[in-house]
Amino acid sequence: MALEITDATFEETVLKSDKPVVVDFWAAWCGPCRMVGPIIDEISTEYDGKAVVGKVDVDANQEFAAKYGVRNIPTVLVFQNGEVVGRQVGVAPKNAYTEAIDALL
């Protein structure tokens, strides 16, 4: 399962990570988010130890969603050394996410 990332844990978990980080910005009421969720969970298992994979519930945690201009969900951001290096808005196939991670490993 992907990590549950909150505004309180975002900086430590995402920005200070020495590994690539994939963050899924989602909400419980969002239909497309429910399609992306299982893909993110799968990636979390497959990349365990190699990358950090987490989810931010934008209804409960708006600070970093706003900071990174997340206006549509699902939005998946890829971070390397605290910087956004990839952005996928909407539903995408699994390989769109895994290729972004592989490019950083």
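Residues numbered from 1 in each chain as written. Predicted model: local features only at pLDDT ≥ 70, side-chain atom pairs only at ≥ 80, totals over all residues. Heavy atoms only, no water.

A.B. asks: Can you help me understand the packing of aromatic side chains in this one?
C.D. replies: Using the criterion set out here, one finds five aromatic pairs in the structure. Ring centres 5.2 Å apart and planes at 85° place the aromatic pair Tyr-68 and Phe-79 in the edge-to-face group. Highlighted residues: Tyr-68 in the loop between helix H3 (63-67) and strand S4 (75-80) and Phe-79 in strand S4, separated in sequence by 11 residues. Of the aromatic side chains, those joined through ring pairs into one cluster are Phe-10, Phe-25, Phe-64, Tyr-68 and Phe-79. Across from the ring centre of Tyr-47, 5.3 Å away, lies the NZ or CZ of Lys-50, which sits over that ring. A cation over a ring is seen here: Lys-55 above Trp-26, with NZ or CZ 5.9 Å from the ring centre. (Phe/Tyr/Trp six-rings, centres within 6.5 Å; stacked < 30°, edge-to-face > 60°. Helix = DSSP H or I, 4+ residues; strand = E, 2+ residues; numbered from the N terminus. Lys NZ or Arg CZ within 6 Å of the ring centre and 35° of its normal.)

A.B. asks: Could you clarify how one ought to interpret unusual backbone geometry in this entry?
C.D. replies: The phi torsion of most residues other than glycine is negative, and most of the peptide bonds are trans. With an omega of 0°, the peptide bond running from Ile-73 to Pro-74 counts as cis. Structurally, Pro-74 can be placed in the loop between H3 and S4. Even without a glycine there, the phi angle at Asn-81 is positive, about 55°. Looking at the secondary structure, you find Asn-81 in the loop between S4 and strand S5 (83-89).

A.B. asks: Would you mind going over the side chain of Asp-57 with me for this structure?
C.D. replies: With respect to the helices and strands, the residue Asp-57 is situated in strand S3 (residues 52-57). Once residues lying within four places of it in the same chain are set aside, the contact partners of Asp-57 are Glu-4, Trp-26 and Ala-27. (Contact = heavy atoms within 4.5 Å.)

A.B. asks: I tried to follow helix H2 (residues 31-46) on my own but got confused; where do I start?
C.D. replies: Helical periodicity: at 3.6 residues per turn, an α-helix aligns residues three or four positions apart in one direction. Over its 16 residues, H2 extends 24 Å from the first C-alpha to the last, a length consistent with the 22 Å expected when each residue adds 1.5 Å. Turning to H2, its buried residues number three or more, namely Cys-33, Val-36, Gly-37, Ile-39, Ile-40, Asp-41, Ile-43 and Ser-44. Check the buried side of H2 and you find it contacts strand S2 (21-26), S3, S4 and helix H4 (94-102). (Expected span 1.5 Å × (residues − 1). Buried < 20%, exposed > 50% of the residue type's maximum accessible area, 1.4 Å probe, protein only.)

A.B. asks: Explain the sheet that holds S2 to me, please; I cannot follow it from the model alone.
C.D. replies: In any sheet, the strands associate via hydrogen bonds between backbone groups, in a parallel or an antiparallel arrangement. Taken in spatial order, the five strands make up an open sheet running S1-S3-S2-S4-S5, and their pairing is mixed. At either end of the open sheet lies a strand with only one pairing partner, and these are strand S1 (3-4) and S5. Taken together, the six bridges between S2 and S3 define a ladder with parallel strand orientation. Paired with Asp-24 across the strands is Lys-55, a residue of S3. Its contacts with the sheet place helix H1 (residues 7-15) against S1, S2, S3 and S4, and it is angled at close to 150° to S2. (Pairing = 2+ DSSP bridges. Axes fitted to C-alpha atoms, helices over the stretch in contact; angles between N-to-C directions.)

A.B. asks: Whenever I open this one, the packing of H2 against H4 confuses me. Can you help?
C.D. replies: For any two helices packed against each other, one specifies the crossing angle of their axes together with the interaxial distance. Interaxial distance between H2 and H4 falls to 10 Å at its minimum, and their mutual angle equals 35°. Judged by the sense of rotation from one axis to the other, the crossing of H2 with H4 is right-handed. In contact with Val-36, Ile-39, Glu-42, Ile-43 and Glu-46 of H2, H4 contributes Lys-94, Tyr-97, Thr-98 and Ile-101. Its residues assigned to classes, the contact of H2 with H4 shows five nonpolar, one polar and three charged. (Left-handed = near helix turned anticlockwise from the far one by under 90°. Nonpolar A, V, L, I, M, F, W, Y, C, P; charged D, E, K, R; others polar.)

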